[in-house]
Amino acid sequence: MAETKIRQMPLIPASVITPTDKVYLTFNIKDNVLKQAVEFAMENDKLIFVTWRQSQADGRQFLSNIGIICKIAQYSQSGDGELRVSLEGKSRGLLVNIPSEQGFILAEVKALPAVSKRCDPIEIEAVMRAVKQKFGVISQFAVIGSQINDDIQAEADPSKLFDMITSRILIKPRDAQQMLEAADLVTKLALLLAVVGKEAEIIELQSHLIGKVNNSFDKSQRENFLREQLRAVKKELGEAPADTDVDYISKINALPTSEKSKEKLKKEAARLNMGGHPSENYTVINYLDTVLDLPWGKKTDEQSDIKKAAEILDTEHFGLEKVKERIIELLAVRVLKPDVKGQIICLSGPPGIGKTSVAKSLAKALGREYKRISLGGVRDEADIRGHRKTYIGAMPGRIIEALKSAGTSNPLILLDEIDKLGRDGKGDPSSALLEVLDSEQNENFTDHYIEIPFDLSEVLFVTTANNISQIDKPLLDRMEVIDLPSYTSTEKFHIASGHLVKKQLEQNGIKSSALKFTDGAVNLIIEGYTREAGVRSLERNIAKVCRKAAKLFVENERKRITVTEKNLPDFLGQKKFTDKDRSNQNEIGCVNGLAWTSVGGVIMPLECITMPGEGKLVLTGSLGDVMKESGQIALSYVRSVTEKYGIDVDFKKTVDIHIHAPEGATPKDGPSAGVTMVTALISALSGIPVRADTAMTGEITLSGKVLPIGGLREKLTAAFKADIKTVIIPRKNKPDLEEVADEVKGHLEIIFAETLTDVLDNALITEYRVQNTEYRNKMSEVRNQKVLVTI
């Protein structure tokens, strides 16, 4: 850094320090105070001051005045809240002052000039030769390649020589701090010479001790003996025991895993005593700690009380009876066969209906640990399988991290938003999940980082999705889909009254006796301020009322408040939804269709008008290819029944037709608009009005048959919410009515249609038919008429 002015930046105290400022540092941060420091830096100039924290014999700690000014190069957060921060060293810095602490240390730091290279050539040549000679002794005994030693011996640049050697030997923090503080190269190299000379003496003595070992010792005895000798040498030199003295071998032997896996781990542990570079030792220690921290063979006992499980589900979720029944069936099977495998559930439904909370309740009912993994937007296969440990900053995948965090090998892991997985050049995470969710394969799941198999067969995986059509077919085939329906208005009322109001009163610090909602007010929020399949927007509106009420309480304007239909606009403003999504008048060419979306069913209006022309058919409203084909099929069918409905047989030569689906910015597609288009065309061409209280859905054929469609439950729920009286659906969809709420079926008159004749007989008001001659004479009046249709 060229500038030398004093700047404020967060300070991170480190237990170790590097001898040079040209370095990359990586920190795994769990402490909330240090997280605040990193977030402060990210919001400003990304600069952080790293300095050595010295610990004295009496327990006191001091911060070194000279440290390294670093810039945040990479910043990421794992599922358990741990921050991984990579820092790039920019220059040495001088700690000038600590004016304040904002939870973290905010320091005033001045950048120091670069290390001076102006030295006596003879002096620097002498110290370089001495350093090279001592390093040559080290290279004869330590695991250092001959090519590396040759490169060092041939290096003529003192700066490069310093960097090359310091990156390959272990340097104590105090020695590294002295080197960092040195202002010229001669001093730095002289300090390095002292460290290299001492290391050379230790390695020579170590080699002498190893040569005296009796060759009759077996491999295990030999390894233990050498470790004891190394500890003895360090003790004679007055050095503290190294962190690598952890007895990894005994921990590995105790693991309930295969001998092949144990051998792999023992080889990694053996590398710690081979005199490798500190960064390599750090990688090995991290790897072994991660593997040993996994819950090998640790399980939590499942609860088998079905009645208690049913009580938990009923207490935490209103409605969703079929979903809860399926979960109880799952628990019953596990009671009869505790070791059952392969039960992977996908909870599918619109946003806000409680998929995640159902999974959490299932874990509670089973007595299992609960961990959630959000898959929305994940594009990298390594998020699932982890990175190879040879990469800088490598870490296990999210599955292994969730198991490590859970501390048990049989948790319930929720894979949230599985339909929103991405895919790019880094791999396909959907394909990586194939092994995870396959009960025949996942007992030997191998994460790229841990490199040994881990049994996932005891894990209960639950996934959630808004649209299962977005999930890859091989992946969907591994899951049992449970559909969660949209809530009816009655269900929303009970959820709001029994749970959401109490929750928001508690979160906003309001007593239930101080703020009350009448039943009419709750119903008005549901009908007039929200239009959703779930209850998230409903909860936000209730929270908004609570916040405004809290303001009135604090300002001492009110002591008690009752929210009613009359004063609700004072809290939420005017109603957002004042009218139904349909016309209340019977109109020519106006048809109510029904559409399915990923957030529930909707009433989608369609408009059709005719005008003098040459027989053109225009379809607008962001319609997809399938829907456009439905329009062509509808027109062909209408031409085949002109006489029956009093339509001019030559209309194709004299009339242009325009069909439009409102909300043109929203893409629409699918074949279920076929019956709607036929009804709109015949109404517009014959002058026969369409019933305003009727909606319809169904695919059509050229011969006039009505074929089944999907999303019936959501479509009928939308009709119910829009106060539709009659719904026309394909007869072949009759079995699907079992999934529709009784409240919805009780409100609607459902007509089953096999042919388009059934549809038209129930949708058209034939007693108001306009005679063809009169209709043709009044074509200009019809020209501006618009009609609503829902697909």
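**Q** Explain the overall build of the protein to me, please; I cannot follow it from the model alone.
**A** In terms of helices and strands, the protein carries 29 helices and 27 strands. Counting the 791 residues in the protein, one finds 48% classified as buried. Considering only contacts within the protein whose residues lie at least 6 apart along the sequence, 74% involve residues at least 24 apart. In the form shown here, the protein has an accessible surface area of approximately 38,900 Å², with 48% of it arising from carbon and sulfur atoms.

**Q** What is the right way to read the nonpolar core from this model?
**A** One broad trend across soluble globular proteins is that nonpolar side chains are buried collectively. Residues Ile-510, Leu-515, Phe-517, Ile-542 and Val-563 are the most contacted members of the largest nonpolar core, which totals 56 residues. Sequence-distant contacts of Val-563, defined by excluding residues within four places in its chain, comprise Leu-515, Lys-516, Phe-517, Thr-518, Ala-521, Val-545, Leu-568 and Phe-571. The next biggest cluster of nonpolar side chains, apart from the first, holds 47 residues, and it includes Leu-272, Ile-413, Leu-415 and Ala-432.

**Q** Where do I start with the sheet that holds strand β14 (residues 480-483) in this structure?
**A** In any sheet, the strands associate via hydrogen bonds between backbone groups, in a parallel or an antiparallel arrangement. Strand order in the open sheet made by the 5 strands is β9-β10-β13-β8-β14, with parallel pairing throughout. Edge positions in the sheet fall to β9 (370-374) and β14, since each of these pairs with one other strand and no more. The sheet shows a mean angle of 25° between the axes of neighbouring strands, taken without regard to direction. In the sheet, strand β10 (residues 412-416) pairs with strand β13 (residues 460-465) via 4 bridges, with the strands oriented parallel. Counted as the bridge partner of Ile-413 is Phe-461 from β13.

**Q** Looking at this structure, I do not really get the packing of aromatic side chains. What am I missing?
**A** To describe a pair of aromatic rings, one takes the distance between the centres and the angle between the planes. In total, this model carries 3 aromatic pairs according to the counting rule given. When the centroid spacing of 5.4 Å and the interplanar angle of 50° are considered together, the rings of Phe-40 and Phe-104 count as tilted. Within this pair, whereas Phe-40 is found in helix α1 (residues 32-43), its partner Phe-104 is found in strand β7 (residues 104-111), the two being separated by 64 residues in sequence. For Phe-104, a relative accessible area of 6% corresponds to the buried category. The side chain of Lys-734 reaches across the aromatic face of Phe-752, ending 5.2 Å from its centre.

**Q** When you look at the sheet that holds strand β21 (residues 655-660) in this model, what are you seeing that I'm missing?
**A** Taken together, 7 strands build an open sheet; the order of strands is β20-β21-β19-β18-β23-β26-β27 and the sheet is mixed. At either end of the open sheet lies a strand with only one pairing partner, and these are β20 (617-620) and β27 (749-753). Within the sheet, the average angular offset between the axes of one strand and its neighbour, ignoring direction, is 30°. Strands in contact with helix α24 (residues 674-686) are β18 (591-597), β19 (600-612), β21 and β23 (694-696); relative to β19, the strand with the most contacts, it is inclined by about 30°.

**Q** Sorry, what's going on with the confidence of the model for the protein here?
**A** The predicted coordinates should not be examined in detail at positions where pLDDT is low. In the predicted model, the protein carries a mean pLDDT of 83, and the fraction of residues at 70 or more is 89%. Between residues 238-245, whose pLDDT stays under 50, and residues either more than four places distant or in other chains, the model counts 8 contacts. Counted against residues more than four places away or in other chains, residues 775-791, with its pLDDT under 50, gives 70 contacts.

**Q** Explanation requested: a nonpolar patch on the surface in the structure shown.
**A** A cluster of nonpolar side chains, namely Ile-6, Leu-94 and Val-96, defines an oily patch on the protein surface of about 220 Å² accessible area. Structurally, Leu-94 is set in strand β6 (residues 83-102).

**Q** How should I be thinking about a positive patch on the surface in this particular structure?
**A** Together, Arg-536, Arg-540, Lys-544, Arg-547, Lys-548 and Lys-576 give the surface a local cluster of positive charge. Position of Arg-547 among the secondary structure elements: in helix α20 (residues 536-554). The class of Arg-547 is partly exposed, set by a relative accessible area of 48%.

**Q** What should I look at first to understand the packing of α24 against helix α27 (residues 756-763) in this one?
**A** In a pair of packed helices, the angle between the axes and the distance between the axes together describe the arrangement. Packing of α24 against α27 leaves a shortest axis separation of 10 Å and a crossing angle of 55°. On the basis of the axis angle, α24 is oblique to α27. Seen along the crossing, α24 lies across α27 with a hand that is right-handed. Seen from α24, the contacting residues are Val-675, Val-678, Thr-679 and Ile-682; seen from α27, they are Leu-756, Val-759, Leu-760 and Ala-763. Residue composition of the contact of α24 with α27, by class: 7 nonpolar, 1 polar and no charged.

**Q** What's the story with helix α4 (residues 158-166) in this structure? I'm lost.
**A** In an α-helix, one turn spans 3.6 residues, which is why side chains three or four residues apart end up on the same side. Summarising burial for α4: 7 of the 9 residues are buried, a large majority. For α4, the set of buried residues is Pro-158, Ser-159, Leu-161, Phe-162, Met-164, Ile-165 and Thr-166. Where α4 begins, one side-chain oxygen reaches toward the backbone nitrogen of Ser-159, 2.8 Å away; that side chain belongs to Asp-157.

**Q** Looking at this structure, how should I read the side chain of Arg-385?
**A** Tracing the sequence through the fold places Arg-385 in helix α14 (residues 382-385). What Arg-385 contacts, discounting residues up to four positions off in sequence, is Gly-397, Ala-432, Glu-435, Phe-445, Thr-446, Asp-447, His-448 and Tyr-449.

**Q** Help me out: how do you make sense of the pairing of strand β3 (residues 47-55) in this one?
**A** Walk down a regular strand and you will see the side chains alternate between the two sheet faces. Across the 9 residues of β3, 7 count as buried, placing the element largely inside the fold. Relative to β3, strand β1 (residues 6-14) runs parallel, the two sharing 4 bridges. Paired with Ala-14 across the bridge in β3 is Trp-52. Pairing analysis gives 4 bridges linking β3 to strand β5 (residues 66-77), with the strands arranged antiparallel. Looking at the pairing, Leu-47 lines up with Lys-71 of β5. With 3 bridges joining them, β3 and strand β4 (residues 61-63) adopt antiparallel strand pairing. The residue bridging Arg-53 from the neighbouring strand is Leu-63, located in β4. Linking β3 back to β4 in an antiparallel pair, the connection comprises 5 residues, with Gly-59 at a positive phi of about 95°.

What counts, and at which threshold
Sequence order sets the numbering: in each chain, residues are counted from 1 along the sequence as written. Given that the model is predicted, a residue must reach a pLDDT of at least 70 before its local features are reported, and side-chain atom pairs must reach 80 or more before they are shown or counted; all residues, however, enter totals for whole chains, interfaces and linings. Hydrogens and water are ignored here; the side-chain numbers use all heavy atoms of the structure. Strands are runs of DSSP state E lasting at least 2 residues, helices are runs of H or I lasting at least 4, and numbering of each runs from the N terminus. Think of it in three bands: residues with accessible area under 20% of the maximum for their type are buried, residues over 50% are exposed, and the middle band is partly exposed, with areas taken using a 1.4 Å probe on protein chains only. Two residues qualify as a contact provided that any one of their heavy atoms is within 4.5 Å of a heavy atom in the partner residue. Only the protein chains shown count as cover for residues, and all accessible areas are computed by the Shrake-Rupley method using a 1.4 Å probe. The criterion is simple. A nonpolar core is a set of buried Ala, Val, Leu, Ile, Met, Phe, Trp, Tyr and Cys residues joined through side-chain atoms within 4.5 Å. Paired strands, in this sense, are two strands between which DSSP finds at least two bridges. To get an axis, a line is fitted to the C-alpha atoms, and for a helix only the part in contact is used. The angle between two axes follows their N-to-C directions and goes from 0 to 180 degrees. Here is the rule: rings of Phe, Tyr and Trp (six-membered ring for Trp) pair when centre to centre is within 6.5 Å. Planes less than 30 degrees apart are stacked, more than 60 are edge-to-face, and the remainder are tilted. A ring is scored as having a charge over it whenever the NZ atom of a lysine or the CZ atom of an arginine sits within 6 Å of its centre and within 35 degrees of its normal. A residue's pLDDT is simply how confident the predictor is in it, with values from 0 to 100. The residues that make up patches have over 30% relative accessible area and no salt bridge, and they are joined within 9 Å when like-charged or within 5 Å when they are Val, Leu, Ile, Met, Phe, Trp or Tyr. Put simply, a salt bridge is a Lys or Arg side-chain nitrogen that is within 4 Å of an Asp or Glu carboxyl oxygen. Positive charges come from Lys and Arg, negative ones from Asp and Glu, while His and the chain ends are left out of the count. Taken as the charge centre is NZ of Lys, CZ of Arg, CG of Asp or CD of Glu, depending on the residue. Comment on the angle field: the value is read as roughly parallel under 35 degrees, roughly antiparallel over 145, roughly perpendicular from 65 to 115, and oblique elsewhere. For a crossing to be left-handed, the near helix must be turned anticlockwise from the far one by less than a right angle; the clockwise case is right-handed. Gly is put with the polar residues, along with every residue not named as nonpolar or charged; the nonpolar set is Ala, Val, Leu, Ile, Met, Phe, Trp, Tyr, Cys and Pro, and the charged set is Asp, Glu, Lys and Arg. Within 3.5 Å is the distance limit for a polar contact, defined as a pair of N or O atoms, with the added protein rule that one can donate a hydrogen and the other accept it, and that residues adjacent in sequence qualify only through two side-chain atoms.

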